[in-house]
Amino acid sequence: MGRTSWTMGAVLACVLSVSGCGTAPWETTSISTTPSTGQAGQGTSVSHGEMGWYFVPIASMYGDMAVIAGIRPGKGRLKLWIRDDRFQGEGVTFAKTWDVAWFTPATGVLTRAGTMPSRAQSRYNGSVQLVFPYQWPTGGHPVEVSVRMGTRPGPPWPAAIPMYGSDMTPASFAPGAWDNLILGQVGDWVWVALKGPESPPLPGGTFATLWGYRTWDRLVAFNTKTGQAVQYPIPRSYSIGSYIEMVTPNLTVPSFAVQGDRVDVGVGEWIGSFPAKPSIPAHADVLRIQAPIIQVPDSAYVESTGQAALDALNLDVELAAQSLASYWDSLVGVSVPGLPPFSEYRTGKLLAWNLYPTLVNHGSLPPDMLWSLMFPYPAKSSVDAERNELAEEVVAIMQSPLDWDAENMGAISARDVIARFHHRPPMALPGYVVRGDAYWPKG
């Protein structure tokens, strides 16, 4: 997979005008329907009727920007619509055609079935509504929501299932409307997709990135008669396309279809199959079910995509470190071989995410960086440890006074910046050593 440019952060922030630019009183029960294989486990042979999550190998067939955009049930298989937008440089080309494919859950086989003109995704248009206040989201606090059924209020949404919100510019919708979506309805049950996590995926959790890091991570069946709910976690997708397309502002949203007594939900690279009207004990308000992962991705795909994510994060750290080394060396008037002059950043010939206005003004990080920071590496694995070390570097750069001065170049004189740091390079930069008063590339 080719490395996707960090400038997609500019694409989503500027082209799409995005900004942001406890124990509950309800009883909660957790159960597992069957043992899960986990995201890195081995696949099993199952009947078509088994409930759980199925990995769909769309990236292997259509490329790493592919994402499921529609489902239609068929006999023993599902008809899928695949969206594949293109992000190049600082622009985005929206797909004029969608690919069509057949997916057989029992075998995990995906078969091409031609193309069709692109279209708006099917959306729920029933009488149930989620109503959110027009309030600026604060930190990771949940947003308030009320349920309405036509003109009358519905039962309260369970406090044990929090919803979060991302603000947008212009504020065309209430913040919670971007990150919490009714997919469909079967009788008294409405199926709702929710985003998470609560906090940005950075060490310390002190960064107020209001959008871009939350992905669809929970699927909830809510009973509009009793107020009871069943929650299923949504497995994290691997490809960068599934990440970029499905974060705020939602170029693609989860797909939904009813098939007899069950529903099918498509999210990124996954298809989930669940009882259309879940069973829940009368005494329970919220039932959390760890639905099994029935079909898992090929291990080679997981490994190669995970390495691409790690490479992307490495490059983001390298780009930021180079920009700060260049900035400092320009202040002290030292020309270092192999290090570009900072004038190339000022003129736009070179770009670095840590200097980009969306980070300064809106607290947003590049999508490829967030994809890397949230990639589902096995916990405590060597790649997870490496990713966490790089995340620490990202935090150090973002919190550095040197980075703040570089972002606001011209607001303070070079002499004052140098004096503030006592004429010495003020921080360690990955890939650089200090010689005299300047940064020099290692090696």
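These numbers were taken from a predicted model, which means no experiment stands behind them. (Residues numbered from 1 in each chain as written. Predicted model: local features only at pLDDT ≥ 70, side-chain atom pairs only at ≥ 80, totals over all residues. Heavy atoms only, no water.)

Describing the nonpolar core
Item 1. In terms of nonpolar packing, the biggest core is built from 88 residues, with W191 and L219 touching the most fellow members.
Item 2. Here the element with the most residues in this core is helix α5 (residues 299–332); it accounts for 15 residues.
Item 3. In this structure, L219 is in contact with W53, L183, W191, V192, V230, Q231, Y232, I234, V265 and F274, ignoring residues within four places of it in sequence.
Item 4. In this structure, F132, M149, F222 and V286 belong to the second largest nonpolar core, which totals 20 residues. (Core = buried A, V, L, I, M, F, W, Y, C linked by side-chain atoms within 4.5 Å. Buried < 20%, exposed > 50% of the residue type's maximum accessible area, 1.4 Å probe, protein only. Helix = DSSP H or I, 4+ residues; strand = E, 2+ residues; numbered from the N terminus. Contact = heavy atoms within 4.5 Å.)

Examining the pattern of salt bridges
Item 1. On inspection of all chains with the given rule, the structure shows 9 salt bridges.
Item 2. With a closest N to O distance of 3.3 Å, D179 and K195 form a salt bridge. In this pair, D179 is assigned in helix α3 (residues 175–179) and K195 in strand β13 (residues 189–196), connecting sequence segments 16 residues apart. K195 shares its class with D179; the two are buried.
Item 3. Across the pair D384 and R387 runs a salt bridge, and its minimum N-O distance is 2.8 Å. One end of the pair is D384 and the other is R387, both in helix α9 (residues 382–399) and 3 residues apart, which spans about a single turn. Residue D384 shares its accessibility class with R387, and that shared class is buried.
Item 4. Three or more residues joined by partner-sharing salt bridges are found here, namely R83, D85 and E245. (Salt bridge = Lys/Arg side-chain N within 4 Å of Asp/Glu carboxyl O.)

Observations concerning the layout of surface pockets
Item 1. The calculated volume of the largest pocket comes to roughly 460 Å³.
Item 2. Lining of the largest pocket is provided by 18 residues; of these, R123, F173, A177, N180 and L181 occupy positions nearest its centre.
Item 3. By residue number, the principal contributor to the lining of the largest pocket is strand β9 (residues 128–131), which donates 4 residues. (1 Å grid on protein atoms, 1.4 Å probe; cavity = no way out; pocket = protein on both sides within 12 Å on 5 of 7 lines; lining within 4 Å. Points joined across faces, edges and corners; volume = space filled by probe spheres on them.)

Points about α9
Item 1. Compared with the 26 Å implied by 1.5 Å per residue over 18 residues, the 26 Å span of α9 between its first and last C-alpha is a close match.
Item 2. Inspection of α9 places D384, R387, L390, A391, V394, V395 and I397 among the buried residues, and these make up the whole buried set. Axial view of α9: buried residues confined to an arc of 160 degrees, hence all on one face. Opposite the packed face of α9, turned more than 90 degrees from it, sit the exposed residues S382, E389 and Q399.
Item 3. Looking at the packing, one finds that the buried side of α9 touches α5, α8 (367–373) and α10 (401–407). (Expected span 1.5 Å × (residues − 1). Arc of directions from axis to C-beta.)

Side note on the pairing of β9
One face of the sheet, then the other: side chains in a regular strand alternate in exactly this way.
Item 1. Alternating residues of β9 divide into V128 and L130, all buried, and Q129 and V131, none buried.
Item 2. Here β9 runs beside strand β10 (residues 146–149); their pairing, made up of 4 bridges, is antiparallel. Paired with V128 across the two strands is M149, which belongs to β10. (Pairing = 2+ DSSP bridges.)

Describing empty space enclosed by the protein
Item 1. What the largest cavity holds in volume is close to 110 Å³.
Item 2. T215, W216, P235, R236, S237, S242, Y243, M246, V267 and G268 are the residues that line the largest cavity.
Item 3. Elements that contribute at least two residues to the lining of the largest cavity include exactly β14 (215–223) and α4 (240–246).
Item 4. Sort the elements by how many residues they give to the lining of the largest cavity and α4 lands first, with 3 residues.
Item 5. By residue class, the composition of the lining of the largest cavity is 5 nonpolar, 4 polar and 1 charged. (Nonpolar A, V, L, I, M, F, W, Y, C, P; charged D, E, K, R; others polar.)

Comments concerning the sheet that holds β9
Strands belonging to one sheet form pairs held by backbone hydrogen bonds; the direction of such a pair is parallel or antiparallel.
Item 1. Spatially, β9-β10-β11 is the arrangement adopted by the 3 strands of the open sheet, whose pairing is antiparallel. Two strands bound the open sheet, and with one partner strand each, they are β9 and β11 (152–153).
Item 2. As paired strands, β10 and β11 are joined by 2 bridges and run antiparallel to one another. Bridging across to β11, M149 finds its partner in R152.

What to know about a negative patch on the surface
Item 1. Taken together, the side chains of D311, E386, E389 and E392 present a region of like negative charge at the surface.
Item 2. It is α9 that provides the largest number of residues to the negative patch, a total of 3 residues.
Item 3. In this fold, E386 is placed in helix α9. (Patch = residues over 30% accessible without salt bridge, like charges linked within 9 Å, V, L, I, M, F, W, Y side chains within 5 Å. Areas by Shrake-Rupley, 256 points an atom, 1.4 Å probe, with all protein chains shown as cover. Lys, Arg positive; Asp, Glu negative; His and termini not counted. Charge placed at Lys NZ, Arg CZ, Asp CG, Glu CD.)

Observations regarding the packing of α5 against α9
Item 1. Across the interface, α5 lies against α9 with an axial gap of 10 Å and an inter-helix angle of 25 degrees. What the angle tells us is that α5 and α9 run roughly parallel. Crossing of α5 against α9: the hand is left-handed. Two secondary-structure elements touch here, α5 through L310, L313, N314, V317, A320, A321 and L324 and α9 through V383, E386, R387, L390, E393, V394 and I397. (Axes fitted to C-alpha atoms, helices over the stretch in contact; angles between N-to-C directions. Parallel < 35°, antiparallel > 145°, perpendicular 65-115°, else oblique. Left-handed = near helix turned anticlockwise from the far one by under 90°.)

Considerations on the packing of aromatic side chains
Item 1. Scanning the model with the defined rule gives 16 aromatic pairs in all.
Item 2. With a centroid separation of 5.3 Å and an interplanar angle of 75 degrees, the aromatic rings of F55 and W270 are classed as edge-to-face. Of the two residues, F55 sits in strand β2 (residues 52–55) while W270 sits in strand β18 (residues 270–275), which places them 215 residues apart along the sequence. The same class applies to F55 as to W270, namely buried.
Item 3. Within the aromatic cluster, the residues linked to one another by ring pairs are F55, Y238, W270, Y301, W371, F375 and Y377.
Item 4. Sitting over the face of the ring of W81, R119 holds its NZ or CZ atom 4.8 Å from the ring centroid.
Item 5. The lysine or arginine in question, K195, covers the ring of W216, its NZ or CZ lying 4.9 Å from the ring centre. (Phe/Tyr/Trp six-rings, centres within 6.5 Å; stacked < 30°, edge-to-face > 60°. Lys NZ or Arg CZ within 6 Å of the ring centre and 35° of its normal.)

Digging into the sheet that holds strand β3 (residues 67–73)
Item 1. One open sheet holds the 4 strands; their spatial order is β3-β4-β7-β8, and the pairing between them is antiparallel. Across the chains shown, the open sheet's two edge strands, defined by having one partner strand only, are β3 and β8 (109–117). Strand-to-strand twist across the sheet, computed as the mean angle between neighbouring axes with direction ignored, equals 30 degrees.
Item 2. As defined by bridge partners, strand β7 (residues 97–104) adjoins β8 across 7 bridges and the pair is classed as antiparallel. Following the sheet pairing, F103 is matched in β8 by L110.

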